[in-house]
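Okay, here's what each chain looks like letter by letter:
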Amino acid sequence: MNTNIKAKRVLCYGDSNTWGYMPAIGKRYPANIRWTGLLQEKLGSDFEIIEEGTNSRTTDFDDPKHIGKSGLQYLRPCLETHDPIDLIILMLGTNDLKERFAREPERVAKGIQKLLDAIKFFSVEEETNLPEILLVCPPIIDESVRGVEEKYKDGEAKSRKLPEFYKALASKNNCFYINLQEYVAPSKKDGYHLEQESHQKLADLFYTFIIKNS
């Protein structure tokens, strides 16, 4: 694994926890609170943080209730738009675990693999440098919070199984890896979005990673 990355342009590709969704409110945290904005502030002008998070984004499939949320479908034009990219922070998988999709952790991992393959294919086809990839396992889904079970029945148990699959994917694909379940927990207001202090922890965590590997 290459541990001497020079991450000048950092693409943050994720769902609502990358977008900055405020738990139980639905509005967006301002830039000085969400982790992407804090990370930009900490890294300074030598780095460019590219925010590409959106609510309800899945790994590799369309959600009939939300148009344009397939992470795989949007990834190619996203890579083209922001090329060149030095580092991709990839954090998806939570939305795949909604009960109506009936997806097991193994299937979520297959969706992540498709995203990793798409990044590699883009690099080869466009003859551009392959970005370093930091694969991030999302926090657990907290079913103890009222109302969470209605959308994410069995989601907590499934989410707790994701780290073993994500770690294996990172090793297989020569990616860096962080398990957020070791650092933050979801809000007790809605069970799957992050509170302000968690955004600060993510910014600190990713900052340390980038500086260490730059």
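Residues numbered from 1 in each chain as written. Predicted model: local features only at pLDDT ≥ 70, side-chain atom pairs only at ≥ 80, totals over all residues. Heavy atoms only, no water.

Draft legend 1. Representation of the overall build of the protein chain within the structure. In terms of regular secondary structure, the protein chain is built from seven helices and five strands. Projected onto its principal axes, the C-alpha coordinates of the protein chain cover approximately 45 × 35 × 30 Å. In the protein chain, which comprises 214 residues, the proportion classed as buried is 56%. Sequence separation of 24 or more characterises 73% of the internal contacts of the protein chain that already satisfy a separation of 6 or more. Distance between charge centroids for the protein chain: 2 Å, based on 30 positive and 33 negative side chains. (Helix = DSSP H or I, 4+ residues; strand = E, 2+ residues; numbered from the N terminus. Buried < 20%, exposed > 50% of the residue type's maximum accessible area, 1.4 Å probe, protein only. Contact = heavy atoms within 4.5 Å. Lys, Arg positive; Asp, Glu negative; His and termini not counted. Charge placed at Lys NZ, Arg CZ, Asp CG, Glu CD.)

Draft legend 2. Region of the structure containing the environment of Lys69. Following the sequence through the fold, Lys69 ends up in the loop between β2 (48–53) and α3 (71–82). A sequence separation of 15 residues divides Lys69 from Thr54, and the C-alpha atoms of the two residues are 7.8 Å apart. Sequence-distant contacts of Lys69, defined by excluding residues within four places in its chain, comprise Thr54, Asn55, Ser56, Arg57, Thr58 and Phe61. Among the polar contacts listed, one links the side chain of Lys69 to the side chain of Thr54, at a separation of 3.0 Å. In terms of polar contacts, Lys69 uses its side chain to reach the backbone carbonyl oxygen of Asn55, at 3.0 Å. (Polar contact = N/O pair within 3.5 Å; in protein donor to acceptor, adjacent residues only side chain to side chain.)

Draft legend 3. View of the packing of helix α4 (residues 105–126) against helix α6 (residues 155–172). At a closest axis distance of 9 Å, the pairing of α4 and α6 adopts a crossing angle of 35 degrees. Where α4 crosses over α6, the two elements pack in a sense that is right-handed. Across the interface between the two elements, Pro105, Glu106, Val108, Ala109, Ile112 and Gln113 from α4 touch Lys158, Lys161, Leu162, Phe165, Tyr166, Leu169 and Lys172 from α6. Across the contact of α4 with α6, the residue classes break down as eight nonpolar, one polar and four charged. (Axes fitted to C-alpha atoms, helices over the stretch in contact; angles between N-to-C directions. Left-handed = near helix turned anticlockwise from the far one by under 90°. Nonpolar A, V, L, I, M, F, W, Y, C, P; charged D, E, K, R; others polar.)

Draft legend 4. Structural context of unusual backbone geometry. Note that the residue after Asp83, namely Pro84, is joined by a cis bond; omega there is 5 degrees. Here Pro84 lies in the loop between α3 and β3 (87–91). Even without a glycine there, the phi angle at Ala24 is positive, about 65 degrees. Position of Ala24 among the secondary structure elements: in the loop between α1 (16–19) and α2 (35–43).

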